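# Examination of the molecular architecture
Here are the chains, one letter per residue:
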Amino acid sequence: MSDDDNAKYVNRIVDESALAAYLEAQFDPVADDEYELKHHQEGHSNETLFVTWGETSLVIRRPPPGEVAETAHNVLREYRVLDALQDTPVRVPTTLSACGDHSILGCDFYVMERQAGDVIRSEEPVRFQNAASRRAISEELVDRLVEIHTVDYDDVGLEAGDFGYPDGFTQRQVDRWSKQISWASEVTAGEREVPVLDEVQSWLESNVPEENPHTMVHGDYKLDNVMFGPGNPPAIRAIFDWELSALGDPFTDLGWMLSFWFDQKDPESPSSVGELYVPVTMRDGYFTREQLVERYEDRMGVTFTNERFYRTLGVYKLAGLGEMFFRRHLEGNSDDSLYPEMRDGVPQLADRAMRIIEGKEPL
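An account of the accompanying structure is given in this report. Small disclaimer: the values here were computed from a predicted structure and weren't measured.

## Observations regarding the overall build of the protein chain
When you go through the protein chain residue by residue, the secondary structure sums to 11 helices and nine strands. Scaling as 2.2 N^0.38, a compact globule of 363 residues should have a C-alpha radius of gyration of about 21 Å, and the protein chain matches this with 20 Å. Counting only C-alpha atoms and orienting by the principal axes, one finds that the protein chain spans roughly 60 × 50 × 45 Å. By sequence separation, contacts in the protein chain at least 24 residues apart represent 75% of the contacts at least 6 residues apart. Element-wise, carbon and sulfur atoms account for 43% of the exposed surface of the protein chain, whose accessible area totals about 15,500 Å². On the protein chain, the mean spot of the 34 positive side-chain charges and the mean spot of the 69 negative ones are 5 Å from each other.

## Describing the pairing of strand β2 (residues 47-53)
Among the seven residues of β2, six are classified as buried, and the element is accordingly described as predominantly covered. As paired strands, strand β1 (residues 35-40) and β2 are joined by six bridges and run antiparallel to one another. Across the sheet, the residue bridging to H39 is L49, located in β2. One ladder, built from seven bridges, connects β2 with strand β3 (residues 56-62); its direction is antiparallel. By the bridge assignment, W53 is partnered in β3 with T56. Counted between consecutive antiparallel strands, the loop separating β2 from β3 contains two residues, among which G54 sits at a positive phi close to 65 degrees.

## Details of the packing of helix α8 (residues 250-259) against helix α9 (residues 289-300)
Where α8 meets α9, the axes come as close as 11 Å, and the angle between the chain directions of the two elements is 155 degrees. Our classification of the angle between α8 and α9 gives roughly antiparallel. Relative to α9, α8 is oriented so that their crossing is right-handed. Residues P250, F251, L254, M257 and L258 of α8 lie in contact with α9, whose contacting residues are R289, L292, V293 and Y296. For the contact of α8 with α9, the residue count by class is eight nonpolar, no polar and one charged.

## Observations regarding the sheet that holds strand β5 (residues 109-113)
The strands making up a sheet associate through hydrogen bonds between their backbones, and the pairing can be parallel or antiparallel. Read across the open sheet, the five strands follow the order β1-β2-β3-β5-β4; overall the sheet is antiparallel. Unpaired on one side and paired on the other, β1 and β4 (95-99) mark the two borders of the sheet. The mean angle between the axes of side-by-side strands here comes to 20 degrees, regardless of whether they run parallel or antiparallel. Where helix α2 (residues 16-26) meets the sheet, it contacts β1, β2, β3, β4 and β5, and its direction lies at approximately 120 degrees from that of β1.

## Section: the nonpolar core
If you look at the biggest cluster of nonpolar residues, it comprises 88 residues, and the most contacted ones within it are Y221 and W242. Ranked by the residues each element gives to this core, the list is headed by helix α10 (residues 307-330), at 11 residues. Setting aside its immediate chain neighbours within four residues, Y221 contacts E140, L141, R144, L145, I148, V226, I236, I239, D253, W256 and M257.

## Regarding the pattern of salt bridges
When their charged atoms lie close together, side chains carrying opposite charge are able to pair. Counted under the stated rule, the structure contains 27 salt bridges. Here R127 makes a salt bridge to D118, at a shortest N to O gap of 2.8 Å. On the basis of relative accessibility, which here comes to 27%, the residue R127 falls in the partly exposed class. Among the salt bridges present, the one from E124 reaches R283, with a minimum N-O distance of 2.9 Å. Residue E124 is located in the loop between β5 and α5 (131-149), and its partner R283 is located in the loop between α8 and α9; the two are separated by 159 residues in the primary sequence. Residue classification places R283 among the partly exposed positions, given a relative accessible area of 28%. Each of R135, E139, D143, R295, D298 and R299 takes part in salt bridges that share partners, so that together they form one network.

## What to know about α8
Most of α8 sits inside the fold, with 10 of its 10 residues counted as buried. Of the residues making up α8, those classed as buried are P250, F251, T252, D253, L254, G255, W256, M257, L258 and S259.

## Comments concerning the environment of A84
By secondary structure assignment, the location of A84 is in helix α3 (residues 75-84). When the C-alpha atoms of A84 and D155 are compared, they prove to be 9.5 Å apart, with 71 residues separating the residues in sequence. Leaving out residues up to four positions away in the same chain, A84 has contacts with V156 and L158.

Basis of the calculations
Residues numbered from 1 in each chain as written. Predicted model: local features only at pLDDT ≥ 70, side-chain atom pairs only at ≥ 80, totals over all residues. Heavy atoms only, no water. Helix = DSSP H or I, 4+ residues; strand = E, 2+ residues; numbered from the N terminus. Rg over C-alpha atoms; globule rule 2.2 N^0.38 Å. Contact = heavy atoms within 4.5 Å. Areas by Shrake-Rupley, 256 points an atom, 1.4 Å probe, with all protein chains shown as cover. Lys, Arg positive; Asp, Glu negative; His and termini not counted. Charge placed at Lys NZ, Arg CZ, Asp CG, Glu CD. Buried < 20%, exposed > 50% of the residue type's maximum accessible area, 1.4 Å probe, protein only. Pairing = 2+ DSSP bridges. Axes fitted to C-alpha atoms, helices over the stretch in contact; angles between N-to-C directions. Parallel < 35°, antiparallel > 145°, perpendicular 65-115°, else oblique. Left-handed = near helix turned anticlockwise from the far one by under 90°. Nonpolar A, V, L, I, M, F, W, Y, C, P; charged D, E, K, R; others polar. Core = buried A, V, L, I, M, F, W, Y, C linked by side-chain atoms within 4.5 Å. Salt bridge = Lys/Arg side-chain N within 4 Å of Asp/Glu carboxyl O.

In C-alpha cells form, the structure reads like this:
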C-alpha cells in the first residue's frame, strides 16, 4: 500500500483532533508538537495506534472499520479484563481509560500505557540467540500461561455468570468459529470455496471433549502476543491481545499456542499464511511441543488430554480469522498486506487441520 493510501486509511480510523480533545480531558494538556500519532501495523485484528502525549507513551485500541462478525472486536470487554488483572501476577499493561462515546472515533476504544521491550516474530533479539535463552523463553511462555489459568476470576470481578459461562465453553468455541467462517463466506465464497473446512468442522463437532477444567482463558496466547523486557534471562513483561478472553477451557489456550509452535520434525509451515506463523521455534534450544505440554502439566497439576482435538481447533480458529481477514480485504476494510494472502492461506490451514486430525502432524 502506498503512503497516500495508508494515510487515507489512518484518517479513516482516527480523527486526530477529536482524539486530542479526549486525551486533553483525561490527562494534562500538551503542546501541539508534543502530540504524535502512529498506526501500528504488526497486529491483524483490532487496530492499534501508538500515541505520544507529552512525555507519556500511550496505546489506543479500537475495532477495525466496516462491518465485523458478531461478537468480534469487543474492545471494551478486552479493557475490562486488562483492568481486572492489574493487581494479579498476570503480566498486563497498565490501563488508563475506556470510551464508549462514538462521537470521538466512531467506535469504542480504550487507552493503556505503552510498554518497552521485544516481541519475537520472525527474528529474536541478539541477546536471545542462544540455546539457554531459547529454553528460558519456552519456560516463560508456559509459566505465564499457568498464571492466567490459576487466576481466581471471581475474586478479580470476572465472575462466572456475568463475564462468562465456563460450562459448555468448548462446544461453543466450535459453534462460534463455525459461525464466523459462515459469516466470512457470505463474501469470500464468491472468490473461492474451502470445502475441507466443512470436514474439519464435522470432525470437531463429533470430538468435543465431555469434561475439562474451568479457568480464565486468554483466547490468543502465543509467542508473538507477549513482550519480553530488556536484559537476560528472558522475562515476559506484558501479555497483549485479550479481545478473545473468556471463562472456559484452559486446554483451548494450550492447543492454540501449540498450533503456532513448530518443531524441527515438522514440515515447512503453510507458505501463504505469512507472518501468522512464527518459525523461530524450530531453532536449537526451543522446547518441543511435547516439552511445552510436560511443563504445563507439571505446573498446573493436570493431564492434557484430547491433544489432537485442541490443536485442530486451534488451526480451525486461525482459518476462521483468516477467512474474516479475507472478507475485510475484499470489502476494502483493511490496509493489511496479509489479508489478500488468505485467498490461498485459509485452504492451506484447512489442509493442515486435516493432517493433525489424521495423525500426520503428531504432537
